[in-house]
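Observations on the three-dimensional arrangement
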Amino acid sequence: MEILIKAAQLIFALVILVTVHEFGHYIFARMFGVKVNRFYLFFNPWFSILRYDPMKGTLTLFARNGQPGAATFKVGKAHAPRPDGKPTWRDTIYGLGWLPLGGYCDIAGMVDETKDASQLASEPQDWELRSKPAWQRLCVMVAGVTLNFVLAIIIYIGIAFHWGDNVVPFQAMTEGMDFSAELKEAGFRDGDRLLTLNGKPLDAKDYSLAWDMVQPGAKVGVLRDGDTTEVVVSDALIRQLATKDKNFIPMSVRVPVYVAKVVNGEPAAEAGIQPGDRILTVGSDTVPAITEFMPALQAHKGENVPVRLLRATGESDVVNVAISDAGKIGILMLSPVEIFERQTVTYNLWQSIPRGWEIGTDQLASYVSSLKLIFTKEGAKSVGGFGTLGDLFPATWNWYSFWQITAFLSIILAFMNIIPIPGLDGGYTLFLLVEIISGRKPSDRFLEVVNTCGFVFLLLLLVYANGNDIYRFFIK
């Protein structure tokens, strides 16, 4: 069931992201009078789930490509082409494919991996993309990634307006943090209280904070044993973290031991421990947090040891506790939510706009910074496909998490598409910029060859990424 819920969230997110991306190309093509032959959500090799032809006024179910479908319904009247030959929205066939790897907008007069130069051997028509000025073609090409980024900003604005920010300020984390072995090797110590990053006070509302802290050369100011010190992150740390699985936690808040409830008849109740007490020591062991408290109980199981308490009244007290042979004393502890003072920040609509922009640009900067990992051995191993994307979503449907992840995926889609690789929007954009600067347009044959090469490269990358998912799930 968890897999189905994650898959449903991923598919729903892809529906939103792909539709917005392709609509960007579509709307700008239409603005410049370019005909769009087909507009498809998801790919349709061999057949389409739905195919709508507004010129004929028909809706077809399970239509084989180029053939009539299993069932065709009349949903409107037929229309004739405009007398002046100008394209309209009715000249486009709208469809739903069955392969959820993306979507496409088939723009007339555009050389891509689905066309060869011979198909464009005739004289360019006014309604073809190739007949338009370079700046208009550039606008059509970058419209998809632009709308994806705009969508991410709009989602973040909505999140800020609806949910606001609810965080624990670093100043409230009185016992500091616990760190993984990798971060300890980098210079952090359990109990460090985070203060600054590169000279600026840390803000718990910063979405990119965790990533920025492990960047090579990052300078993290911490409070350690009453003194301020600085940890300078090495180049090796981020490569080490890249090899960890999704359940890896590099650092966590240290939670002090506050008693929520004592169990009647158990050692804590017999010793006089009360709800609201904070446990400071077990025997000779200081236990500022749960991470020390549990091992201390195990170390003294079966023994009668003094336990120092800070009473709810503010007074200090010492009681003798007979720890069970299982290392238990019979208490329930307060959760971090009940201990730490949380800060809730609400935003009205106008305040949400700059907050959404701030989050979106921070996430983009963090993602761009992370891409250099791909060119390392560790980063290449961490590349994942649809399984990795699905794992980003929670096992239960949560709208807050769904919109957070969808916005981030929209940023990823925008940036990845603008990378200048032939076959992607960035490849077309690069050639158009060269044309604008040099005044020379690449030949259709050249575009055909490089786009085909780019398509093959992207296909191999897709196979590699999803192969990594299969290896990690079934073998590793």
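Turning our attention to the packing of helix α1 (residues 2–31) against helix α2 (residues 134–162). Any two packed helices are characterised by how steeply their axes cross, that is the angle between the axes, and by the distance between the axes. As a packed pair, α1 and α2 sit with axes 7 Å apart at the nearest point and diverge in direction by 140°. Here α2 runs oblique to α1, going by the angle between their axes. Where α1 crosses over α2, the two elements pack in a sense that is right-handed. In contact with Ile16, Leu17, Val20, His21, Phe23, Gly24, His25, Phe28 and Ala29 of α1, α2 contributes Cys139, Val140, Met141, Ala143, Gly144, Val145, Leu147, Asn148 and Leu151. Classifying every residue of the contact of α1 with α2 by side-chain character gives 13 nonpolar, 5 polar and no charged.

As defined by bridge partners, strand β11 (residues 219–224) adjoins strand β12 (residues 227–232) across 6 bridges and the pair is classed as antiparallel. Paired with Arg224 across the bridge in β12 is Asp227. Linking two consecutive strands that pair antiparallel, namely β11 and β12, is a turn of 2 residues; a positive phi of about 55° is found at Asp225 within it.

The final tally for this structure, using the stated rule, is 26 aromatic pairs. Here Tyr367 and Phe415 contribute two aromatic rings whose centre-to-centre distance is 6.2 Å and whose plane-to-plane angle is 85°, an arrangement assigned as edge-to-face. On the criterion of sequence distance, the pair formed by Tyr367 in helix α9 (residues 349–370) and Phe415 in helix α12 (residues 399–418) is long-range, its members being 48 residues apart. Following the ring pairs from residue to residue traces out a cluster consisting of Phe12, Phe393, Trp397, Trp399, Phe402 and Trp403. Above the plane of the ring of Trp127 lies Lys35, whose end atom (NZ or CZ) is 5.4 Å from the centre.

With that out of the way, let us pick up the sheet that holds strand β10 (residues 200–201). Ordered in space as β10-β9-β11-β12, the 4 strands form an open sheet in which the pairing is antiparallel. Of all strands in the sheet, those bounded by a partner on one side alone are β10 and β12. Here strand β9 (residues 193–197) pairs with β11 via 4 bridges, running antiparallel. Within β11, the position partnered with Leu194 by the bridge is Val222.

This part is about the pattern of salt bridges. A full pass over the atoms with the stated rule returns 13 salt bridges. Note that Arg38 and Asp106 form a salt bridge whose closest N and O atoms lie 3.4 Å from each other. Taken as a pair, Arg38 in strand β1 (residues 36–43) and Asp106 in strand β6 (residues 99–107) lie far apart in primary sequence, 68 residues in all. You can call Asp106 buried: its relative accessible area is 9%.

How each quantity is defined
- Going along each chain's sequence as written, the residues are numbered from 1 onward.
- For a predicted model such as this one, the threshold for reporting local features is a pLDDT of at least 70, and the threshold for listing and counting side-chain atom pairs is 80 or more; totals across whole chains, interfaces and linings nevertheless cover every residue.
- The side-chain figures draw on all heavy atoms in the structure; neither hydrogens nor water molecules are used.
- The axes used here are C-alpha line fits, helices contributing only the stretch in contact, and every angle between their N-to-C directions lies in the interval 0 to 180 degrees.
- Numbering of helices and strands runs from the N terminus; a helix is a DSSP stretch of H or I covering at least four residues, while a strand is a stretch of E covering at least two.
- Here the word oblique covers every angle except those under 35 degrees (roughly parallel), over 145 (roughly antiparallel) and from 65 to 115 (roughly perpendicular).
- By definition, any crossing whose near helix is turned counterclockwise from its far helix by less than a right angle is left-handed, and any crossing with a clockwise turn is right-handed.
- Whether two residues are in contact is decided by their heavy atoms, any of which lying within 4.5 Å being enough.
- Lys, Arg, Asp and Glu make up the charged group, whereas Ala, Val, Leu, Ile, Met, Phe, Trp, Tyr, Cys and Pro make up the nonpolar group; the residues left over, Gly among them, are polar.
- Any two strands are treated as partners once DSSP identifies two or more bridges connecting them.
- By convention, a stacked pair of Phe, Tyr or Trp rings (six-membered ring in the case of Trp) has centres within 6.5 Å and planes under 30 degrees apart, an edge-to-face pair has planes over 60 apart, and any other such pair is tilted.
- Criterion for a charge above a ring: Arg CZ or Lys NZ at most 6 Å from the ring centre, at most 35 degrees from the ring normal.
- Each salt bridge in this description consists of a side-chain nitrogen of Lys or Arg and a carboxyl oxygen of Asp or Glu lying within 4 Å of one another.
- Here the term buried applies to any residue with accessible area under 20% of the maximum for its type, exposed to any over 50%, and partly exposed to those in between, with areas from a 1.4 Å probe on protein chains only.

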